[in-house]
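# Residue-level structure breakdown
Next come the chains, spelled out residue by residue.
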Amino acid sequence: MASPHEIVLLYLDEHGPVPQTELVHYLGRDRSTVTVTLQAMERADLVTRTSSPTDKRATTVVLTDHGRETVPRARAAWAELERRTTSPLSADQQNALLEAMTLIRDALNQT
């Protein structure tokens, strides 16, 4: 599974059904790139996209049952990546890295 797919799975697991525009903003990619990602995820039966019940111009993205079953594997893959990338760091260095990354994320979300 490609990383964007995992990121979408984890985001939907945490936030529930969301407008596609929210995923575009969260992923920081253009709309057409996110659409291609979601189309691939639909073909893999990980998500469905439907018209929003409150705004017919908007599309809502929802995890399928298969998508929900895939979430634990995605979460485990990200945990292993985190373990591998931070294991050489001391606890203080890990905390400093987390603080710095949080600041960067927050600054990017303000744009």
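Now for a quick tour of the structure.

## Section: the pattern of salt bridges
- Tallied over the full model, the rule gives six salt bridges.
- The partner of Glu 42 in a salt bridge is Arg 49, and the shortest N-O contact between them spans 3.1 Å.
- For Glu 42, a relative accessible area of 29% corresponds to the partly exposed category.
- For Arg 49, a relative accessible area of 24% corresponds to the partly exposed category.

## With respect to the packing of helix H1 (residues 3–15) against helix H2 (residues 20–27)
- Running from amino to carboxyl end, H1 crosses H2 at an angle of 120°, the nearest separation of the two axes being 11 Å. One finds that H1 runs oblique with respect to H2. As H1 packs across H2, the resulting crossing turns out to be right-handed. Seen from H1, the contacting residues are Ile 7, Val 8 and Tyr 11; seen from H2, they are Glu 22, Leu 23, Tyr 26 and Leu 27.
- Looking at the contact of H1 with H2 residue by residue, the class counts come to six nonpolar, no polar and one charged.

So, how was this worked out
Residues numbered from 1 in each chain as written. Predicted model: local features only at pLDDT ≥ 70, side-chain atom pairs only at ≥ 80, totals over all residues. Heavy atoms only, no water. Salt bridge = Lys/Arg side-chain N within 4 Å of Asp/Glu carboxyl O. Buried < 20%, exposed > 50% of the residue type's maximum accessible area, 1.4 Å probe, protein only. Axes fitted to C-alpha atoms, helices over the stretch in contact; angles between N-to-C directions. Helix = DSSP H or I, 4+ residues; strand = E, 2+ residues; numbered from the N terminus. Parallel < 35°, antiparallel > 145°, perpendicular 65-115°, else oblique. Left-handed = near helix turned anticlockwise from the far one by under 90°. Contact = heavy atoms within 4.5 Å. Nonpolar A, V, L, I, M, F, W, Y, C, P; charged D, E, K, R; others polar.

So yeah, pure geometry; function would need other evidence.
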